[in-house]
Amino acid sequence: MSDHFLEVRDLSVAFPTEDGIVNAVTGVSFDLDRNESLAIVGESGSGKSVTSQAILGLINRKAAKVSGQVWLDGIDLVTSTDEEIRSLRGQKMAMIFQDPLSSLHPFYTVGRQLVEAIRVHQKVDKKAARRQAIDMLERVGIPAPAQRIDDYPHQLSGGMRQRVMIAMALINSPDLLIADEPTTALDVTVQAQILELMRDLQNEYNTAIIIITHDLGVVAEFSDRVGVMYGSRLVERGTIDDIFYRPEMPYTTGLLASVPRLDQLHGRLDPIPGQPPSLLALPDGCTFRPRCPYSEHVPDGLCAKQLPDLLESEPGHDVRCHLTPEQRRTFATERLGALVGDGRE
Amino acid sequence: MVIMLFLLSIVTFGMYAVLPSDPAALTCGKSCSPQVIEANRIRLGLDKPLVEQYTTFVSAIFVGRTYGSGSQTFECPAPCFGYSFNRGEDVKTLVMEALPPTVAVVVGAFIIWMVVGIVLGVIAALKRGKWQDRFAMGFALIGYSFPSFFIGYVLLYFLVFRFQLLPFPRYEPFTEDPVAWFNGLLLAWVTLAMLFAAYYVRLTRNQMLETLGDDFIRTARAKGLPERTVIYRHGLRAGLTPIVTSAGLDIGILLGGSIIVETIFGIPGLGRLALSSVLDSDLPVVIAIVLIAAVFIIVANLVVDILYAVIDPRVRLA
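Just so it is clear, the structure is predicted and the values come from calculations on it, not from any experiment.

**Overview of the overall build of chain B**
Counting its regular elements, chain B contains 12 helices and four strands. Structurally, chain B occupies a C-alpha span of about 85 × 60 × 35 Å along its principal axes. Put simply, chain B has 318 residues, and 47% of those count as buried. The contacts in chain B between residues at least 6 apart in sequence include a share of 64% that link residues at least 24 apart. Split by element, the accessible area of chain B, about 16,000 Å² in all, is 68% carbon and sulfur. Considering chain B, the positive charge centre built from 24 side chains and the negative charge centre built from 22 side chains are found 13 Å apart.

Okay, structure coming up:
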């Protein structure tokens, strides 16, 4: 049934806990094609990491209820068995994580971890796997890979470690790469290198990439499309231009307004007031209403009563908000000034 | 390490000075004339100042010494740990005789408790909250709460007297009769292992639960590794460090003698020797055992440190 390489339909993940059911992800849908990248943006606890782990089958299905559909190249991952998903992981889809130091096993050499990744999915002997690992390390820009391969993770710098993680993720040429905050733990200069590396490798391998981040700079630099998550749901999705130049959902606007900008030296940062909602008890109606400065513009207190649907505002740009599209654009322009409205520079 | 042993030898040797009993008086029975006591005092060098006694004691370990003078001398070749007044025997001989049974008890128990402890601990961690976990934790609680003499006697009562599944344990040297040796030690192994396995079950369980939540475990799963590999090669390996630490130190401590278990099951090991020597104020033996126990603990510490570097490459020096 899939027109797209990856189709996520109505994905929900709920963890039953002693305090009640934690709805980590609710009804998330999106598509992704090869050689395309999607950024999922949101605050901590908005469900973005759980979404990605659910796609990869890393959520323990005994501990959580996963529903909906995830079609990867025609295979529904949600109804597949654990063993079926396991054989896809690392081969057809791979993931890199936020902190490369804690994500690499501290007691094994880089080479051993790479060889292990190769030999789960390919029937090659250790020598061939090692050659392949050295090649891959070279591809991700590690100098003297034949020596570095016998290093332990703690002997490498942060940027090198993340390159190793990328090498490990891409070593079986997966079609889908999920990068969960891949640059958060790195220096800014290294961040740019890593993003560039990911983009180069994407073009080389024709990979579909989902990048999860709260760093809007990374989003702007890296992705084609953006999904904004808030309180376990997607609240806005569109192209990068849609989100950066024509944001509509007040949460997206707030997110953009809270980014420090060099071209506006005066004034203070404009943070979003309040706290992200608890996933244990999401507010009735629109989940963003308690923090939304514009809810009184919606008649009948609708924001508190009814959850808005994710509706198309313009082609390819969907927004979950009760305000009219005109109101949303007006408020966004008021808040963000010149950045918004003119499309592109 | 040498400094530690040096200090320790001074402290233990100080017992001579501090204890109220007169070692020379212990050399002969109750009906002993003052002349004989005095003669023995001189013969054993106990008439000398304490510092000189100590230096003689230490040098004897390296070069041996000769007790007495004239016709009534006897040699104590190096390494000489002194002479037991009560038993009329070389301390070294006594200790060397007592060491093999203790090593047998400790090593056997060690193997059992490590296997049981780690296996149950891993199972408990993987089946957290299920009956397997409860069973393992219940077992640990029993091993934890009951003293070894209780467990030992319960086993003895049920297995030997009540159901007669095993012969009454009696220590036989391995070289003479391996089957009897095994039978004689089995209950001691089980008792000691129960006691320690309990701790290792909990330790392993906690370690596993902790490491299985680590980021690199998620990476291992993301690579598509089979769950078995994830748990053992990645999880257990990472959680091994504290288990190895405890194991090394425990075995070091126990090699100094496990008094209770050896006493219950009649094993002529260091623990029993230590106990009887303390009760008899047989000071040279006590001092020797304390020193040997200390050496075991210090060596165990050293081995643990070396093992650290083997397990964890971050500890290795560049």
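**Examining the overall build of chain A**
Along the backbone of chain A there are 13 helices and 12 strands. Taken over C-alpha atoms, the radius of gyration comes to 21 Å for chain A, in line with the 20 Å a tight globule of 345 residues would show. Out of the 345 residues in chain A, the part that is buried amounts to 54%. Within chain A, residue pairs in contact and separated by at least 24 positions form 66% of the contacts whose partners lie at least 6 positions apart. Looking at chain A as shown, the accessible area adds up to about 15,100 Å², and 50% of this sits on carbon and sulfur atoms. Each charge class in chain A was averaged separately, 35 positive and 48 negative side chains, and the resulting centres sit 6 Å apart.

**Details of the domain arrangement of chain A**
Often the size quoted for an interface is simply the accessible area lost on bringing the parts together. Residue and element names in this part refer to chain A. Domains assigned within chain A are domain 1 (6-223) and domain 2 (229-339). Just the C-alpha atoms count here: the centres of domain 1 and domain 2 sit 29 Å apart. With 26 residues of domain 1 at the contact, the number on the domain 2 side is 17 residues. Summed over both partners, the interface of domain 1 with domain 2 comes to about 1,700 Å²; 63% of that surface belongs to carbon and sulfur atoms. It is Thr-26, Glu-43 and Leu-216 in domain 1 that bury the most area against domain 2; as a group they hold 33% of the surface buried on that side. For the interface between domain 1 and domain 2, the tally reads one salt bridge. A salt bridge links Arg-291 to Glu-43; the nearest nitrogen and oxygen atoms lie 3.2 Å apart. The tally of links between domain 1 and domain 2 comes to seven residue pairs in polar contact (both at pLDDT 80 or more). Looking at the side of domain 1 that touches domain 2, the elements that each hand over two or more residues are strand S2 (20-32), strand S3 (37-41), helix H1 (48-55) and helix H9 (216-222). Of the residues forming the side of domain 1 that touches domain 2, the biggest block, 10 residues, is contributed by S2.

**Observations concerning the packing of aromatic side chains**
All names here are of chain A. Enumeration over the complete set of coordinates arrives at 13 aromatic pairs over all chains. A ring pair is formed by Tyr-230 and Phe-288, whose centres lie 5.0 Å apart and whose planes are at 85 degrees; its orientation type is edge-to-face. With a gap of 58 residues between them, Tyr-230 in strand S9 (residues 225-230) and Phe-288 in the loop between helix H11 (250-257) and helix H12 (302-305) connect regions that are remote in the sequence. Its relative accessible area of 2% is what places Tyr-230 among the buried residues.

**Digging into the sheet that holds strand S12 (residues 317-320) of chain A**
Residues and elements named next belong to chain A. Spatially, the eight strands line up as an open sheet ordered S6-S7-S8-S3-S9-S10-S12-S11, and their pairing is mixed. Single-partner strands in this sheet number two, and they are strand S6 (93-96) and strand S11 (310-314). Adjacent strand axes in the sheet meet at a mean angle of 20 degrees when their direction is disregarded. Pairing geometry for strand S10 (residues 233-239) and S12, over two bridges, is antiparallel. If you follow Glu-236 over to S12, its bridge partner there is Val-319.

**Observations regarding the interface of chain A and chain B**
Taken residue by residue, the interface counts 26 residues in chain A and 22 residues in chain B. Counting the surface lost from both chain A and chain B, the interface buries some 2,200 Å², and carbon and sulfur atoms represent 59% of this. Broken down residue by residue, the surface that chain A buries against chain B is led by A:His105, A:Phe107 and A:Glu116, which jointly contribute 30%. At the boundary of chain A with chain B, the tally comes to two salt bridges. Here B:Arg233 makes a salt bridge to A:Glu116, at a shortest N to O gap of 2.8 Å. For the pair chain A and chain B, the interface holds 13 residue pairs in polar contact (both at pLDDT 80 or more). Elements that contribute at least two residues to the side of chain A that touches chain B include exactly S6, helix H3 (100-103), helix H4 (110-121) and helix H7 (158-170) of chain A. Here the element with the most residues in the side of chain A that touches chain B is H4(A); it accounts for six residues.

**Remarks on the environment of A:Met168**
Locating A:Met168 in the fold gives a position in helix H7. With a relative accessible area of 5%, A:Met168 lands in the buried category. C-alpha separation for the pair A:Met168 and A:Ile96, spaced 72 residues apart in sequence, amounts to 8.6 Å. Beyond its immediate chain neighbours, meaning those up to four positions away, A:Met168 contacts A:Leu104, A:Gln113, A:Leu114, A:Ala117, B:Thr219 and B:Lys223.

The rules behind the values
Residues numbered from 1 in each chain as written. Chains lettered and ligands numbered in written order. Predicted model: local features only at pLDDT ≥ 70, side-chain atom pairs only at ≥ 80, totals over all residues. Heavy atoms only, no water. Helix = DSSP H or I, 4+ residues; strand = E, 2+ residues; numbered from the N terminus. Buried < 20%, exposed > 50% of the residue type's maximum accessible area, 1.4 Å probe, protein only. Contact = heavy atoms within 4.5 Å. Areas by Shrake-Rupley, 256 points an atom, 1.4 Å probe, with all protein chains shown as cover. Lys, Arg positive; Asp, Glu negative; His and termini not counted. Charge placed at Lys NZ, Arg CZ, Asp CG, Glu CD. Rg over C-alpha atoms; globule rule 2.2 N^0.38 Å. Domains from an automatic or database assignment. Buried area = accessible area lost by both parts, 1.4 Å probe. Salt bridge = Lys/Arg side-chain N within 4 Å of Asp/Glu carboxyl O. Polar contact = N/O pair within 3.5 Å; in protein donor to acceptor, adjacent residues only side chain to side chain. Phe/Tyr/Trp six-rings, centres within 6.5 Å; stacked < 30°, edge-to-face > 60°. Pairing = 2+ DSSP bridges. Axes fitted to C-alpha atoms, helices over the stretch in contact; angles between N-to-C directions.

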